[in-house]
Amino acid sequence: MRVLVTGAAGFIGSTLTDRLVADGHDVVGVDDLSTGTLANLADARAANKERRGAFAFVRASVTDADLAGIVAKARPEVVCHLAAQIDVRKSVADPVHDATVNVLGTVNVLQAAVGAGARKVVFTSSGGSIYGTQTRLPVSERVRPAPESPYAAAKASGELYLHAFASMYGLEYTALALANVYGPRQDPHGEAGVVAIFGTALLNGQPTKVFGDGQNTRDYVFVDDVVEAFVRALSAGNGRRFNIGTGVQTTDRDLHTLVAKAVGAPDEPAAAPARVGDARSIALDAAAARAGLGWEPWTSLPDGIAATVDWLRSAT
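Read on for a plain summary of the structure. Keep in mind it's a predicted model, so treat the numbers as computed, not measured. Each chain carries its own residue numbering, running from 1 in the direction its sequence is written. Per-residue local features of the predicted model are confined to residues with pLDDT of at least 70, and side-chain atom pairs are confined, for both listing and counting, to 80 or more; whole-chain, interface and lining totals are unaffected and use all residues. Calculation of side-chain values draws on the structure's entire complement of heavy atoms; hydrogens and water are dropped beforehand.

## Concerning unusual backbone geometry
Following Leu137, the chain continues to Pro138 via a peptide bond in cis, the omega torsion being 0°. Starting at the N terminus, helices and strands are each numbered in turn, a helix being any DSSP run of H or I of at least four residues and a strand any DSSP run of E of at least two. Examined against the element boundaries, Pro138 turns out to sit in the loop between β5 (120–126) and α6 (150–169). The phi dihedral of Arg75 is positive, around 55°, even though this residue is not glycine. In this fold, Arg75 is placed in the loop between α3 (67–74) and β4 (78–81). Under the relative-accessibility criterion, Arg75 is labelled exposed at 53%. Exposure categories follow from relative accessible area, calculated using a 1.4 Å probe and restricted to protein chains: below 20% of the type maximum is buried, above 50% is exposed, and the middle band is partly exposed.

Encoded structure:
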């Protein structure tokens, strides 16, 4: 199968690209390298030595006017759309930029997919944000999205555009609403990768901090498990959103303990004031993904953290 991956040089995108290439698919990666790196694609590029045409890379943004030409030349059967502005706080500070990338960029991808005759788009939604504040957890897809940030609103908007393009042009789609994804290649220099942030600081003997009372909870899902969901969605789950998470809540304080144990460092984070706008708790019910995609999150949090810390050690 020919697959085009936007955001291919990023954390999740590059891991997905490696998996697709390993599975024998021909992959075209598109990334503007604003946050992703070519180093993440070293294995995919090396695969061309063994299998000609296994991987090709195009440096471009999903907002570029010539994206349609790039996708048409690639002739993908499926487009996996992962390129995005992913920082909630940046979306609050500059909602116009967030909408440009996450809304207009998504529309550009969908239009390009239709023009290129692609069968399907697999879209990266945000299970950690689109549902807003919920008191009954884990939350299922039956709960109506209630965005509380421009980033969440853009992801919810993307799902509406998927439905519109399916209705207008017959373009198949699956939306994967991801929980908090972590694992090797995650950037420790940002708001979205707390496992990488804790791990990098502790490995370097630097101070760490936990915000508020440390009892905010998140649902952490390992990147390889997420990639498995994308692979299954290539040919299943049409016309639906699936939550991709574990359903398990882990507090910020407990997460720090797990990372410190994996590193072999003292578990002594500093207390920092609570951050305005931080969601108190989220966890995703993935029963629909189990039924519709045959997907399970098989990596335990301690095992996933250990793998991430091993990668961080090798990357320093």
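## Considering the sheet that holds β4
Here, strands pair whenever DSSP counts at least two bridges between them. Read from one edge of the open sheet, seven strands run β3-β2-β1-β4-β5-β6-β11, paired in parallel fashion. This sheet does not close on itself; its edge strands, each paired only once, are β3 (55–59) and β11 (240–244). With direction set aside, neighbouring strand axes in the sheet form an average angle of 20°. Alignment of β4 against β5, held across four bridges, turns out to be parallel. Where helices are involved, their axes are fitted lines through C-alpha atoms of the stretch in contact, as for all axes, and angles between N-to-C directions lie from 0 to 180°.

## Describing helix α7 (residues 194–203)
For α7, the buried fraction is high: seven of the ten residues fall into the buried class. Taken residue by residue, α7 has Val195, Ala196, Phe198, Gly199, Thr200, Ala201 and Leu202 as its buried positions. Any pair of residues with heavy atoms lying within 4.5 Å of one another is described as a contacting pair. Its buried side turned inward, α7 meets β7 (180–182), β8 (209–211), β10 (220–222), α9 (252–263) and α11 (301–315). Two residues or fewer after α7 comes Gly205, characterised by a positive phi angle close to 70°.

## Some remarks on the side chain of Asn243
Looking at where Asn243 falls in the secondary structure, it is placed in strand β11. Between N or O atoms, a polar contact is any pair within 3.5 Å; within protein, one atom must be a potential hydrogen donor and the other a potential acceptor, and residues adjacent in sequence are included only when both atoms are from side chains. Engagement of the side chain of Asn243 in a polar contact is seen with the backbone oxygen of Asp285, the distance being 3.2 Å. Once residues within four sequence positions are removed from consideration, Asn243 is found in contact with Tyr131, Val139, Ser140, Glu141, Ala177, Leu284, Asp285, Ala286 and Ala289.

## Observations concerning the pattern of salt bridges
Basic side-chain nitrogens of Lys or Arg form a salt bridge, by our definition, when they fall within 4 Å of a carboxyl oxygen of Asp or Glu. For the structure on display, the rule yields twelve salt bridges. The partner of Glu228 in a salt bridge is Arg19, and the shortest N-O contact between them spans 2.8 Å. On the criterion of sequence distance, the pair formed by Glu228 in helix α8 (residues 223–233) and Arg19 in helix α1 (residues 11–22) is long-range, its members being 209 residues apart. Residue classification places Glu228 among the buried positions, given a relative accessible area of 13%. A salt bridge links Glu77 to Arg119, with the nearest nitrogen and oxygen atoms 2.9 Å apart. With Glu77 in the loop between α3 and β4 and Arg119 in the loop between α5 (95–115) and β5, this residue pair connects regions lying 42 residues apart in the sequence. Here Glu77 falls in the partly exposed class, since its relative accessible area comes to 32%. Here the salt bridges share partners, and the residues they tie into one network are Arg19, Asp23, Glu228 and Arg232.

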